[in-house]
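Residues per chain, in single letters:
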Amino acid sequence: VALSEIGHLVEVPIRGTGDLHWTVKGKSPELNLGFQMAVQDAEFLRMQLGTVTGLVTWQDGKDRLLVQDLKANLGVMQAVANGALDMGPGRNDINLDVRVPRGSLQDFDALMTEYLQESVPWYPHSIIGDMNGFVKVSGQVTPDRISVVGDMTVQNVVFGGEVFNEGSFRAGYRGGD
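Residues numbered from 1 in each chain as written. Predicted model: local features only at pLDDT ≥ 70, side-chain atom pairs only at ≥ 80, totals over all residues. Heavy atoms only, no water.

Asker: Please explain the overall build of the chain as it appears in this structure.
Answerer: A tally of helices and strands in the chain yields three helices and ten strands. Element order for the chain, N to C, with α for helix and β for strand: α-β-β-β-β-β-β-β-α-α-β-β-β. Its C-alpha radius of gyration of 17 Å places the chain within 12% of the 16 Å reference for a compact globule of 177 residues. In terms of overall dimensions, the chain has C-alpha extents of about 60 × 30 × 25 Å along its principal axes. At a minimum sequence separation of 6, the contacts of the chain that also span at least 24 residues come to 42%. With the model as given, the accessible surface of the chain reaches about 9900 Å², and the carbon-plus-sulfur share is 54%. Seen as two clouds, the 14 positive and the 22 negative side-chain charges of the chain have centres 8 Å apart. (Helix = DSSP H or I, 4+ residues; strand = E, 2+ residues; numbered from the N terminus. Rg over C-alpha atoms; globule rule 2.2 N^0.38 Å. Contact = heavy atoms within 4.5 Å. Areas by Shrake-Rupley, 256 points an atom, 1.4 Å probe, with all protein chains shown as cover. Lys, Arg positive; Asp, Glu negative; His and termini not counted. Charge placed at Lys NZ, Arg CZ, Asp CG, Glu CD.)

Structure follows, in structure tokens:
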């Protein structure tokens with residue numbers, strides 16, 4: 001399936017191609033639609049996610065999309081997301097916890113390119129190194145109202161001819177700030 005044919009999820013464009021298997025459980029108004037996916041070149045919330053596998057469940061009676069151990073692989077970066085998108089009337093909320101057990105600063109750059117270009121135009125794209133940590137995605141599912149905040153550890157960082165063995169940082173994107 002080409003996710004671009006579906007078009008939007010919570011008024012946000014989605015992209016990627018691959019396999020999508022679905023199940024239907026329950027009956028109205030407690031209908032649950034499960035989508036087991038294996039999608040390449042995935043994009044959501046203007047983030048390049050690479051290959052995405054796992055399960056999302058649409059809870060029709062609650063207007064909620066549950067994300068359960070959804071895995072994204074981009075370069076060497078591995079990320080696992082859990083949480084929900086609440087899309088009921090007048091709501092457009094996201095609450096995801098993302099564990100990044102392994103990754104690189106180059107993968108982070110590819111993942112967040114659009115946000116970095118807008119809010120951190122001075123970001124040093126030549127920086128290299130390894131990283132891991134946790135990311136919290138919250139707020140509303142629009143670029144001007146979303147918050148993406150990460151607590152990361154970096155190792156073997158090379159920048160401007162200097163080598164840094166290890167460090168940690170908290171950084172993020174908060175609704176355009």
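Still to come is the rest of the account.
Asker: So what exactly am I meant to see when it comes to unusual backbone geometry here?
Answerer: Trans peptide bonds make up most of the peptide bonds, and negative phi angles are found at most residues other than glycine. With omega at 10 degrees, the peptide bond leading from Ser28 into Pro29 counts as cis. Phi angles above zero are rare outside glycine, and Asp69 is one such case at about 50 degrees. Note on placement: Asp69 falls in strand β5 (residues 64-74). By relative accessible area, Asp69 is classed as partly exposed at 42%. Residue Asn156 is not a glycine yet carries a positive backbone phi of 50 degrees. Along the chain, Asn156 turns up in strand β9 (residues 146-159). (Buried < 20%, exposed > 50% of the residue type's maximum accessible area, 1.4 Å probe, protein only.)

Asker: It is not clear to me how the pattern of salt bridges should be interpreted in this structure. Could you clarify?
Answerer: If charged atoms from side chains of opposite charge come close, those side chains can pair. In total, this model carries four salt bridges according to the counting rule given. A salt bridge links Asp151 to Arg170; the nearest nitrogen and oxygen atoms lie 2.7 Å apart. With Asp151 in strand β9 and Arg170 in strand β10 (residues 162-174), the pair connects residues that are 19 residues apart, well separated along the chain. (Salt bridge = Lys/Arg side-chain N within 4 Å of Asp/Glu carboxyl O.)

Asker: Which parts of the structure should I look at to understand the environment of Gln106?
Answerer: Relative to the helices and strands, Gln106 resides in helix α2 (residues 105-111). Relative accessible area serves as the criterion here: at 36%, Gln106 is assigned to the partly exposed category. For the pair Gln106 and Arg145, spaced 39 residues apart in sequence, the C-alpha separation works out to 26 Å. With residues near it in sequence (within four places) discarded, Gln106 still touches Ile127, Ile128 and Gly129.

Asker: Honestly, the environment of Gln117 in this entry has me stumped. Any pointers?
Answerer: Along the chain, Gln117 turns up in helix α3 (residues 113-119). Relative accessible area serves as the criterion here: at 54%, Gln117 is assigned to the exposed category. In this structure the C-alpha to C-alpha distance between Gln117 and Arg46, which are 71 residues apart in sequence, comes to 12 Å.

Asker: Whenever I open this one, the side chain of Thr57 confuses me. Can you help?
Answerer: When you line up the elements, Thr57 lands in strand β4 (residues 47-59). A distance of 3.3 Å separates the side chain of Thr57 from the side chain of Gln68, its partner in a polar contact. Those residues within four positions of Thr57 in sequence are excluded, and the remaining contacts are Asn32, Leu33, Gly34, Arg64, Leu65, Leu66 and Gln68. (Polar contact = N/O pair within 3.5 Å; in protein donor to acceptor, adjacent residues only side chain to side chain.)

Asker: Looking at this model, I keep getting lost on the confidence of the model for the chain. Mind explaining?
Answerer: As a note on interpretation, predicted positions should not be read in detail where pLDDT is low. For the chain, mean pLDDT is 88; residues scoring 70 or higher make up 95% of the total. For the chain, per-element mean pLDDT is lowest for strand β1 (residues 8-9), which scores 63, and highest for strand β7 (residues 93-104), which scores 96. (pLDDT = per-residue confidence, 0-100.)

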